[in-house]
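# Examination of the molecular architecture
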Amino acid sequence: MNNSMKIHALHNCSRRRFLISGAIVTAGISVLPRRLFAGRESPVITMRAAAATAKIRIQRLRRNITVLEGSGGNMAVLTGNDGKLLVDAGITASRPGIMEALNSLSSDPVRHLINTHWHFDHTDGNEWLHSIGAEITAHENTRKHLSETTRVEPWNFTFPPAPKGALPTSVFARDRKLQLNGTSIALDYYGPAHTDSDISISFTEADVLHVGDTWWNGYFPFIDYNTGGSINGMISAAEANLAKTTSKTIVIPGHGPVGDRTGLTEFRDMLIAVRDKVAALKQQGKALQEVIAAKPTAEFDAKWGGFVIDGKTFTHLVYAGV
Ligand SMILES: [Zn+2]
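Described in the following lines is the structure provided in the data block.

About the criteria used
Residues numbered from 1 in each chain as written. Predicted model: local features only at pLDDT ≥ 70, side-chain atom pairs only at ≥ 80, totals over all residues. Heavy atoms only, no water. Pairing = 2+ DSSP bridges. Helix = DSSP H or I, 4+ residues; strand = E, 2+ residues; numbered from the N terminus. Axes fitted to C-alpha atoms, helices over the stretch in contact; angles between N-to-C directions. Donors = N, O, S within 2.8 Å, 3.2 Å for Na, K, Ca; no water. Tetrahedral: all angles 85-135°; square planar, octahedral: opposite > 155°, others 65-115°. Buried < 20%, exposed > 50% of the residue type's maximum accessible area, 1.4 Å probe, protein only. Parallel < 35°, antiparallel > 145°, perpendicular 65-115°, else oblique. Left-handed = near helix turned anticlockwise from the far one by under 90°. Contact = heavy atoms within 4.5 Å. Nonpolar A, V, L, I, M, F, W, Y, C, P; charged D, E, K, R; others polar. Lys, Arg positive; Asp, Glu negative; His and termini not counted. Salt bridge = Lys/Arg side-chain N within 4 Å of Asp/Glu carboxyl O. Polar contact = N/O pair within 3.5 Å; in protein donor to acceptor, adjacent residues only side chain to side chain.

## A word on the sheet that holds strand 16 (residues 250-252)
- Ordered by their spatial adjacency, five strands build an open sheet running 12-13-14-15-16, and the pairing between neighbours is mixed. A single partner strand is all that each edge strand has here, and the edge strands are strand 12 (175-180) and strand 16. Strand-to-strand twist of the sheet, defined as the mean angle between neighbouring strand axes without regard to direction, takes the value 15°.
- Strand direction decides the pairing type here: strand 14 (residues 199-203) and strand 15 (residues 208-210), joined by three bridges, are antiparallel. Looking across to strand 15, one finds that I201 is bridged to H210.

See the structure below:
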């Protein structure tokens, strides 16, 4: 992620109040950031283009589990005789780099792909991975969103229905257990969190947990209200992640470096602190621009504001949900 991909444009937020027949519409969706990338190219286009030259970094974790970082969200790879299992698909333009990285791990063919949620930076590569033999498992809402025309307003982007080959071949509502490559794998739905399609993937024996975009390690997270996400859902997911881990668990975030329970705890505490500050200001009757001007993220900006979501944008995303 380079500087050109950072968000600066929240200056056109004239949507202070929504008055319809004298009633303030309080639904979070009505105060969504309309154009986080106002006057700029959609981050979807920017990230897809950048993926063509992205360097894929390989980080071995425990046992037969490796992380590939550099194309969209963090990908996990489980190698073995049952064929490689991937968690998340990266971005299509990175196919040569991802293939090279996969081939460097082992000669097993790719047989299984799990999507942590529906977002393009985790599913863009679904079609080519399916074309080389991967069955795709995901939450049922991932298939739903990929099957339909889906608008993400803050990204200023409308996704057309994905091609059939990109759609999950097996979906579930609550949980799913798999046994592959000598590993017990538990898939668990969070309920609405970053979207309404997020699942965790636990590799039991290795004690490695992939939590998708319910954790951005070291960064304010994006929250997708257009497909069911909310700040309170993010906090619930952070609590669920803490309940699934010990001090020994290796935790793979959707974005940012591989981390652990300490990092998850800091993230949960930051989410709650910002949510409580923004909620208190909103309850005093302050409009969005007044809340942003009060800088409720000030103490967190230096540590958490260095990726795609800065403090203003995160305030906006939290305000929409309190
Ligand atoms: Zn996401």
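What follows continues from the structure just given.
## Notes on the coordination of the zinc ion
- Looking at the zinc ion, the protein donor atoms are H117 (NE2), H119 (ND1), H194 (NE2) and D213 (OD), and they sit 2.2 Å from it.
- Every donor counted, the four donor atoms about the zinc ion form angles of 88 to 170° at the centre, which fits irregular coordination.
- The motif formed by the donor residues of the zinc ion, counted along the single chain, is H-x1-H-x74-H-x18-D. Of this pair, H117 sits in the loop between strand 7 (110-114) and helix 3 (120-123) while D213 is found in the loop between strand 15 and helix 6 (231-243), placing the two residues 96 residues apart along the sequence.
- With a relative accessible area of 0%, H117 lands in the buried category.

## A look at the packing of helix 7 (residues 261-283) against helix 10 (residues 311-319)
- Look at helix 7 against helix 10: their axes get within 9 Å of each other, and the N-to-C directions meet at 70°. If you check the angle between helix 7 and helix 10, you find them roughly perpendicular. As helix 7 packs across helix 10, the resulting crossing turns out to be right-handed. Residue-level contacts link M270, L271, V274, R275, V278 and K282 of helix 7 to F314, T315, V318 and Y319 of helix 10.
- When its residues are assigned to classes, the contact of helix 7 with helix 10 shows seven nonpolar, one polar and two charged.

## Topic: the side chain of D213
- For the buried residue D213, which engages in no salt bridge, the nearest side chain bearing the opposite charge is R57, 14 Å off.
- In this structure the side chain of D213 is engaged in a polar contact, spanning 3.2 Å, whose partner is the side chain of H117.
- Within polar-contact distance, the side chain of D213 engages the side chain of W216 at 3.5 Å.

## Comments concerning the packing of helix 6 against helix 7
- Relative to each other, helix 6 and helix 7 sit at 155°, their axes nearing to 10 Å. By the angle between their directions, the pair helix 6 and helix 7 is classed as roughly antiparallel. Along this stretch, helix 6 crosses helix 7, giving a crossing that reads as left-handed. On the side of helix 6, the interface is formed by I231, N232, M234, I235, A238, E239, N241 and L242, while helix 7 contributes R261, L264, T265, F267, R268, L271, I272 and R275.

## Focus: unusual backbone geometry
- A positive phi is found at R63, a non-glycine position, where the angle reads about 50°.
- Of note, R63 is situated in the loop between strand 3 (57-60) and strand 4 (65-69).
- Unusually for a residue other than glycine, N181 sits at a positive phi of about 55°.
- Residue position: N181 is located in the loop between strand 12 and strand 13 (183-189).

## What to know about the pairing of strand 13
- Counting buried residues in strand 13 gives five out of seven residues, a clear majority hidden from the surface.
- Across six bridges, strand 12 lies against strand 13 in antiparallel orientation. Note on strand 13: the bridge partner recorded for R176 is L187.
- Between strand 12 and strand 13, which pair antiparallel one after the other, the connecting turn spans two residues, and N181 there sits at a positive phi close to 55°.
- Bridge count between strand 13 and strand 14: five bridges; the pairing is antiparallel.

## A word on the environment of E100
- Relative to the elements of secondary structure, E100 occurs in helix 2 (residues 95-105).
- The spacing of E100 and I56 is 44 residues in sequence and 8.9 Å in space, taken between C-alpha atoms.

## Digging into the sheet that holds strand 8 (residues 135-139)
- With mixed pairing, the seven strands of this open sheet are ordered in space as 3-4-5-6-7-8-11. Looking at strand neighbours, the two that pair on one side only are strand 3 and strand 11 (170-172), the edges of this open sheet. On average, each strand axis in the sheet is inclined to that of its neighbour by 20°, with strand direction left out of account.
- With four bridges connecting them, strand 6 (residues 84-87) and strand 7 associate as parallel partners. By the bridge assignment for strand 7, L86 is matched with L113.
- Contacts between helix 5 (residues 140-147) and the sheet are confined to strand 8 and strand 11, with strand 8 contributing the most and set at about 105° to the helix.

Purely geometric stuff here, so don't read any function into it on its own.
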